[in-house]
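Close look at the chain arrangement
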Amino acid sequence: SGSWESKPIIYDGKDVSLKLAGNDSAHFSYCGYGSSHVLGALMVPPVQLWQAHNSTGTWEIEPVDTDWSAGWSSSLAIDSNNKLHICYFDAYNRDLKYATNASGAWVRTVVDAGGDVGAYCSLAVDSNNKAHISYFDEDYEDLKYATNSGGAWQVSVIDSTGTVGYFPSIAVDGSNKVHIGYYDMTNTALKYATNASGTWETACLDTAGDTGWHVSLAVDSGAHAYIAYYNATDRCLKLATNRSGPWQTMVVDSSGDVGHETSIMINNNKTYICYYDATNYVVKLAVEQ
């Protein structure tokens, strides 16, 4: 219609992750406050994981994990049966957690409790409705990966060269191969990891200044990867892609301090990137022409 409708749905919440189901209903996970708890003499509302949806025609909100300080850095995916999968960080226990309603009721699992793990987590589901999660290990400063594609959860380190794994973004292609974009803090660079060849391989894609922040990755129908990210030196939005074969990087927007909090999608072979403009305090959308 060319016009936008905006209205409040919840009155507290952060770390939002939004997806559309097959019936075009919207679902989003977020970190919000529950009922107040008594901590000493102070009433403190715990941070919890919630899910909101409009699949019934009106917005409904439900708690997913009511443990104290669960729900940070949530990432939501919807499978082919319109079931939800959410990964998130339990800030109190410092664990990576996962929740799904695939059985009809919410089931929560601790995926990795090996230290301070789970920050900046990102989740995708494959054609078999199995989950794949990339995330950061704060203790060892590594990029880690977890999946239940083989049945039980398996956890592995993908990249441990220096301090790597901030802002990971994961996608699964049509052959169920995994693609991850992430920030290398040691080299202030954008990196990429994939198991498309059958074994994990990593590559450094961009070292021009302090680059690779706020990563968002998508893959197209040909299993080509597209990575939107922020260059902190030039304060611009950039894109890296291998759709033509070799990796190419380009500046998408350099008008001010732009490119924070990116979110990318590919539709009908066109690239869409949503991001924050810190100069004008607005959210912007870049569309490939």
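To start, this report covers the structure provided alongside it. (Residues numbered from 1 in each chain as written. Predicted model: local features only at pLDDT ≥ 70, side-chain atom pairs only at ≥ 80, totals over all residues. Heavy atoms only, no water.)

A few points about the side chain of Asp159
Tracing the chain through its elements places Asp159 in strand E14 (residues 154-159). We classify Asp159 as buried; its relative accessible area is 3%. Of the polar contacts made by the side chain of Asp159, one reaches the backbone nitrogen of Thr161; its length is 3.0 Å. Looking at Asp159, its side chain comes within polar contact range of the side chain of Lys191, at 2.8 Å. In this view, Asp159 contacts Asp142, Leu143, Val164, Tyr182, Lys191 and Thr202; residues no more than four positions away in its chain are not counted. (Helix = DSSP H or I, 4+ residues; strand = E, 2+ residues; numbered from the N terminus. Buried < 20%, exposed > 50% of the residue type's maximum accessible area, 1.4 Å probe, protein only. Polar contact = N/O pair within 3.5 Å; in protein donor to acceptor, adjacent residues only side chain to side chain. Contact = heavy atoms within 4.5 Å.)

Considering the sheet that holds strand E21 (residues 236-241)
Pairing is antiparallel across the open sheet formed by four strands, whose spatial order is E19-E20-E21-E22. The open sheet has two edge strands with one neighbour each: strand E19 (211-219) and strand E22 (248-253). Going from strand to strand, the sheet's axes swing by 25 degrees on average, the running direction of each strand aside. As judged from the six bridges shared by E19 and strand E20 (residues 225-231), these two strands associate in the antiparallel manner. What sits directly across from Thr211, in E20, is Asn231. (Pairing = 2+ DSSP bridges. Axes fitted to C-alpha atoms, helices over the stretch in contact; angles between N-to-C directions.)

So, the packing of aromatic side chains
Inspection of every chain in the model, using the stated rule, returns eleven aromatic pairs. Measuring from ring centre to ring centre gives 6.1 Å for Phe167 and Tyr183, while their planes differ by 45 degrees; the resulting arrangement is tilted. Pair noted here: Phe167 is in strand E15 (residues 164-172) and Tyr183 is in strand E16 (residues 178-184), with a separation of 16 residues, a long-range link. Residue Phe167 shares its accessibility class with Tyr183, and that shared class is buried. Centre to centre, the rings of Tyr183 and Trp213 are 4.8 Å apart; their planes meet at 35 degrees, and the pair counts as tilted. (Phe/Tyr/Trp six-rings, centres within 6.5 Å; stacked < 30°, edge-to-face > 60°.)

Let's talk about the nonpolar core
Among the nonpolar cores identified, the biggest contains 15 residues, and Leu190 and Ile227 are the most heavily contacted of them. Elements supplying a minimum of two residues to this core: E15, strand E17 (189-194), E19 and E20. The residues contacting Ile227, other than those within four sequence positions of it, are Gly181, Leu190, Tyr192, Leu205, Val215, Ser216, Leu217, Lys238, Leu239, Ala240 and Trp247. Formed by 13 residues, the second largest nonpolar core is a distinct cluster that contains Cys87, Leu96, Cys121 and Leu123. (Core = buried A, V, L, I, M, F, W, Y, C linked by side-chain atoms within 4.5 Å.)

Overview of the sheet that holds strand E13 (residues 142-147)
Pairing is antiparallel in the open sheet, where four strands are placed in the order E11-E12-E13-E14. Two strands close off the open sheet at either side, each with one partner strand: strand E11 (117-125) and E14. Adjacent strand axes in the sheet meet at a mean angle of 25 degrees when their direction is disregarded. Two elements, E11 and strand E12 (residues 131-137), share six bridges in a ladder whose sense is antiparallel. Paired with Val125 across the two strands is Ala131, which belongs to E12.

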